[in-house]
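Working through the structure, step by step
Residue strings, one per chain:
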Amino acid sequence: MFDKLEIFRMSQGLAMHAAKRQSTIAQNVANADTPGYRARDMASFADTYAPQQTDGMRATRAGHLNTASGPHNVVEAREVLRPGAASPNGNTVSLETEIMASASAKGDHDLALGVYQSSLRIMRASLGKQ
């Protein structure tokens, strides 16, 4: 019953998404002076963590409605090109934009850790082990 709680799966998915986004941002910064390089970003977490389509029915446990992963699915995040003006050499990386995106990814990672820690505290309190 408690082997795969949805809150832990969602928290893990958000942390993994933030790590992949941070890696993509680092690649953009590393290629900031590469002619013709197009800045990339990850699709939003909301797009990658979506309820499965079950024709109006809701899965209540793993294996219900023939889904192996339960009511939600974490799909592989995809890279997307970040829109922006190109410099004369065709590069679209803006270091200011990358700094803001990096801060946003760190915030997502911190949120995932906070949700995970709070969920653990709740579970420990319900078991009487604080």
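For the structure itself, look to the data block above.
Let me begin by describing the structure that accompanies this report. (Residues numbered from 1 in each chain as written. Predicted model: local features only at pLDDT ≥ 70, side-chain atom pairs only at ≥ 80, totals over all residues. Heavy atoms only, no water.)

This paragraph deals with the overall build of the protein chain. For the protein chain, the count of helices and strands is three helices and four strands. The secondary structure elements of the protein chain, listed N-terminal to C-terminal, are α-β-α-β-β-β-α. Residues counted as buried form 26% of the 130 residues belonging to the protein chain. In the protein chain, 71% of the contacts between residues at least 6 apart in sequence involve partners at least 24 apart. (Helix = DSSP H or I, 4+ residues; strand = E, 2+ residues; numbered from the N terminus. Buried < 20%, exposed > 50% of the residue type's maximum accessible area, 1.4 Å probe, protein only. Contact = heavy atoms within 4.5 Å.)

With that settled, the discussion passes to the environment of Gly84. Relative to the elements of secondary structure, Gly84 occurs in the loop between strand E4 (79-81) and helix H3 (95-127). For Gly84, a relative accessible area of 48% gives the class partly exposed. The sequence separation of Gly84 and Ala39 amounts to 45 residues, and the corresponding C-alpha distance is 8.2 Å.

Assignment of secondary structure puts Thr24 in helix H1 (residues 6-30). Taking relative accessible area as the criterion, Thr24 reaches 3% and is therefore assigned buried.

Counting across every chain of the model gives six salt bridges. The network of salt bridges with shared partners includes Arg21, Asp41, Arg82 and Glu98. (Salt bridge = Lys/Arg side-chain N within 4 Å of Asp/Glu carboxyl O.)

For the coordinates displayed, the defined rule picks out one aromatic pair. Aromatic pair Phe8 and Tyr116: ring centres 5.2 Å apart, planes at 70 degrees, arrangement edge-to-face. Of this pair, Phe8 sits in helix H1 while Tyr116 sits in helix H3, and the two are 108 residues apart along the sequence. (Phe/Tyr/Trp six-rings, centres within 6.5 Å; stacked < 30°, edge-to-face > 60°.)

The next subject is the packing of H1 against H3. In a packed pair of helices, the relevant descriptors are the angle between the two axes and the axis-to-axis distance. Look at H1 against H3: their axes get within 9 Å of each other, and the N-to-C directions meet at 160 degrees. As far as their axial angle goes, H3 and H1 are roughly antiparallel. Pair H1 / H3 crosses with left-handed handedness. Split into classes, the residues belonging to the contact of H1 with H3 amount to 16 nonpolar, seven polar and four charged. (Axes fitted to C-alpha atoms, helices over the stretch in contact; angles between N-to-C directions. Parallel < 35°, antiparallel > 145°, perpendicular 65-115°, else oblique. Left-handed = near helix turned anticlockwise from the far one by under 90°. Nonpolar A, V, L, I, M, F, W, Y, C, P; charged D, E, K, R; others polar.)

Another point: the nonpolar core. One finds Leu14, Ala15, Phe45, Tyr49 and Ala112 forming the largest nonpolar core, which totals five residues. In this structure, Leu14 is in contact with Phe45, Asp108, Leu111 and Ala112, ignoring residues within four places of it in sequence. (Core = buried A, V, L, I, M, F, W, Y, C linked by side-chain atoms within 4.5 Å.)

Compared with the 36 Å implied by 1.5 Å per residue over 25 residues, the 36 Å span of H1 between its first and last C-alpha is a close match. All buried positions along H1 are accounted for by Phe8, Arg9, Ser11, Gly13, Leu14, Ala15, His17, Ala18, Arg21, Thr24, Ile25 and Asn28. (Expected span 1.5 Å × (residues − 1).)

Following the sequence through the fold, Arg40 ends up in strand E1 (residues 40-42). Overall, Arg40 belongs to the partly exposed group, its relative accessible area being 27%. For the pair Arg40 and Gln27, spaced 13 residues apart in the sequence, the C-alpha separation amounts to 8.5 Å. Not counting chain neighbours up to four residues away, the residues in contact with Arg40 comprise Thr24, Asn28, Glu79, Val80, Leu81 and Arg82.

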